[in-house]
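Tertiary structure, described
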Amino acid sequence: MTTDQLADVLKDRYLKAEKREMVTSIHLFGIEYATELEGHSANDVAELGTGKRSYGTEVRKGMRLSKFVKLKTEASA
C-alpha cells in the first residue's frame, strides 16, 4: 500500500470513531496494518489521515502492540 492509501484508511476509521475512541482507533489501525506500515513514515500517515503529525506516535504504539495482540472479529466479539 502507498502512504496515501494507508492515510485514507486511517482517515476513514478516525472520522468514524466516537469522540472518546479516536486515539484507540489509531492504535487499532497500527495493529491491523503494522506490516503494511513498515517502510512508511508513521508521522506522514498520521498527518495525512488525521491532520495531526503527532499521532504518528500512536500509530507506532499500535504497530508495536501488533506482536502481542490479536484483533477480535465482530462474530467472535
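Anything mentioned here points back to the structure above.
What counts as what
- Residues numbered from 1 in each chain as written.
- Predicted model: local features only at pLDDT ≥ 70, side-chain atom pairs only at ≥ 80, totals over all residues.
- Heavy atoms only, no water.
- Helix = DSSP H or I, 4+ residues; strand = E, 2+ residues; numbered from the N terminus.
- Rg over C-alpha atoms; globule rule 2.2 N^0.38 Å.
- Axes fitted to C-alpha atoms, helices over the stretch in contact; angles between N-to-C directions.
- Left-handed = near helix turned anticlockwise from the far one by under 90°.
- Contact = heavy atoms within 4.5 Å.
- Nonpolar A, V, L, I, M, F, W, Y, C, P; charged D, E, K, R; others polar.
- Core = buried A, V, L, I, M, F, W, Y, C linked by side-chain atoms within 4.5 Å.
- Buried < 20%, exposed > 50% of the residue type's maximum accessible area, 1.4 Å probe, protein only.
- Expected span 1.5 Å × (residues − 1).
- Arc of directions from axis to C-beta.
- Parallel < 35°, antiparallel > 145°, perpendicular 65-115°, else oblique.

A separate point is the overall build of the chain. In terms of regular secondary structure, the chain is built from 5 helices and 0 strands. Along its sequence from the N terminus, the chain presents helices and strands in the succession α-α-α-α-α. A compact globule built from 77 residues should have a C-alpha radius of gyration of about 11 Å, and the chain, at 12 Å, falls within 12% of that. Reported as C-alpha extents along the three principal axes, the dimensions of the chain are approximately 35 × 25 × 20 Å.

For the rest of this paragraph, the subject is the packing of helix 1 (residues 3–16) against helix 2 (residues 22–32). Relative orientation of the contacting elements helix 1 and helix 2 amounts to 145°, with a least axis distance of 9 Å. Helix 1 and helix 2 meet at a crossing whose hand is right-handed. Side by side, helix 1 and helix 2 meet where Leu6, Val9, Leu10, Arg13 and Tyr14 of the first sit next to Met22, Ser25, Ile26, Phe29 and Glu32 of the second. Residue classes in the contact of helix 1 with helix 2 are distributed as 7 nonpolar, 1 polar and 2 charged.

Moving on, we get to the nonpolar core. Side chains of a nonpolar character, in soluble globular proteins, are inclined to be buried together. The biggest cluster of nonpolar side chains holds 15 residues, and the ones touching the most others in it are Phe29, Leu37 and Val59. Those elements giving two or more residues to this core turn out to be helix 1, helix 2, helix 3 (34–37), helix 4 (42–50) and helix 5 (56–65). With 4 residues, helix 1 is the largest single contributor of residues to this core.

With that settled, consider helix 2. Turning to helix 2, its buried residues are Ser25, Ile26, Phe29, Gly30 and Ile31. On its buried face, helix 2 sits against helix 1, helix 3, helix 4 and helix 5.

The first and last C-alpha atoms of helix 1 sit 20 Å apart over 14 residues, in line with the 20 Å expected at 1.5 Å per residue. For helix 1, the full list of buried residues reads Leu6, Ala7, Val9, Leu10 and Tyr14. Angular distribution of buried residues about the axis of helix 1 spans 160°; they occupy a single face of the element. Opposite the buried face of helix 1, by more than 90 degrees, sit the exposed residues Asp8, Leu15 and Lys16.

Between helix 2 and helix 5, the shortest axis-to-axis distance is 6 Å and the interhelical angle comes to 45°. In terms of orientation, helix 2 lies oblique with respect to helix 5. Note on packing geometry: the crossing formed by helix 2 with helix 5 is right-handed. On the side of helix 2, the interface is formed by Val23, Ile26, His27, Phe29, Gly30 and Ile31, while helix 5 contributes Glu58, Val59, Lys61, Gly62, Met63 and Leu65. The residue inventory of the contact of helix 2 with helix 5, partitioned by class, reads 7 nonpolar, 3 polar and 2 charged.

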